[in-house]
Amino acid sequence: AQSVTQPDIHITVSEGASLELRCNYSYGATPYLFWYVQSPGQGLQLLLKYFSGDTLVQGIKGFEAEFKRSQSSFNLRKPSVHWSDAAEYFCAVGAGRDDKIIFGKGTRLHILP
Amino acid sequence: EPEVTQTPSHQVTQMGQEVILRCVPISNHLYFYWYRQILGQKVEFLVSFYNNEISEKSEIFDDQFSVERPDGSNFTLKIRSTKLEDSAMYFCASSGPLGSTGNTIYFGEGSWLTVV
C-alpha cells in the first residue's frame, strides 16, 4: 500500500523568500503524486500533479514540484512566497488511475511579514 | 471551472442521530469518493464508488456508514447513528472524466459535522 511522509509539521518563511516543502512517498511502482493546499476552514485545492513524463511539473500560483524516483520524493517549491500562501499543504500519492489517493499529515506554512 | 458541491456546509447533530451529507460531483466524472478530516489531523480516505457500487473502503468505513448515488447527479454519505468521534470535516471528491488520462481528484469545500 502506498504511504506519504511530510517530515515538517510547520514551516515559517519570510515573505519574498523561497520555499521548499518536503514529501517522501512509499509505493512499489510509479506513483501518481499530488500537492493540495487548504486554507483555514476551506476545501482542498489541487496545486499540481505528476503522472509521468517531465519530472518537473508546474502548478498554479507559481508552485512547482520535482519528482525524484531515486529519492522517492516529490518536493514542492516556490521561488518567492506571498503572505497569501499561508495555508496547510498536503502531499498525496495514488496507485493508479482513479484509484484513491493517500494524504500525508500536512505541512502548515507560516509567512513572516 | 466545474466544481464539486457539498451540502450542508455545517451541521450540528445529536449523538445517535442519522446524518446525510450530500454531494454533487462534477457532471461527467465517473469515480466518487468520501474523505474525512478530524480537526487538526490529516485527510483520511473513507470510500470510493464506481459504477454504482463501492470499489474500495477503509477501516473507518464501518457498518454505520453507507453511500448512495440515488440519481444521476447526487452522491450521498449516510452515518446511521452518529458518535462524538464522527465530528469532522467530510470531503466529497470526484474524478475520471471520460477520455481522460490519469486521475485528478477534485474535492468539494467540505461539510463540517459536529456531533454533540
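See the structure shown above.
Read on for a plain summary of the structure.

Rules of the game
- Residues numbered from 1 in each chain as written.
- Chains lettered and ligands numbered in written order.
- Predicted model: local features only at pLDDT ≥ 70, side-chain atom pairs only at ≥ 80, totals over all residues.
- Heavy atoms only, no water.
- Pairing = 2+ DSSP bridges.
- Helix = DSSP H or I, 4+ residues; strand = E, 2+ residues; numbered from the N terminus.
- Axes fitted to C-alpha atoms, helices over the stretch in contact; angles between N-to-C directions.
- Phe/Tyr/Trp six-rings, centres within 6.5 Å; stacked < 30°, edge-to-face > 60°.
- Buried < 20%, exposed > 50% of the residue type's maximum accessible area, 1.4 Å probe, protein only.
- Contact = heavy atoms within 4.5 Å.
- Buried area = accessible area lost by both parts, 1.4 Å probe.
- Salt bridge = Lys/Arg side-chain N within 4 Å of Asp/Glu carboxyl O.
- Polar contact = N/O pair within 3.5 Å; in protein donor to acceptor, adjacent residues only side chain to side chain.

**Some points on the sheet that holds strand β3 (residues 19-24) of chain B**
Residue and element names in this part refer to chain B.
- Taken in spatial order, the 4 strands of this open sheet run β1-β3-β8-β7, and their pairing is antiparallel. Strands at the two margins of the open sheet, each flanked by one partner only, are β1 (5-7) and β7 (65-68). For this sheet, the mean angle separating the axes of adjacent strands, direction not counted, is 20 degrees.
- With 5 bridges joining them, β3 and strand β8 (residues 75-79) adopt antiparallel strand pairing. Considered in β8, the bridge of C23 is made with F75.

**Brief notes about the packing of aromatic side chains**
All names here are of chain B.
- Across all of its chains, the model carries 21 aromatic pairs over all chains by this definition.
- Centroid distance Y35 to F45: 5.6 Å. Interplanar angle 70 degrees. Geometry classified as edge-to-face. Note that Y35 is positioned in strand β4 (residues 31-37) and F45 in strand β5 (residues 43-50), a separation of 10 residues in sequence. F45 carries the same exposure label as Y35, and that label is buried.

**Topic: the interface of chain B and chain A**
- Contact with chain B, which involves 22 residues of that partner, is made by 22 residues of chain A.
- Note on chain B versus chain A: buried area summed over both sides is about 1800 Å², and carbon and sulfur give 52% of it.
- The tally of links from chain B across to chain A stands at 1 salt bridge.
- Joining chain B to chain A, the criterion identifies 5 residue pairs in polar contact (both at pLDDT 80 or more).
- For the side of chain B that touches chain A, the secondary-structure elements that each account for two or more residues are β4, β5 and β9 (88-95) of chain B.
- No other element matches the 4 residues that β4(B) contributes to the side of chain B that touches chain A.

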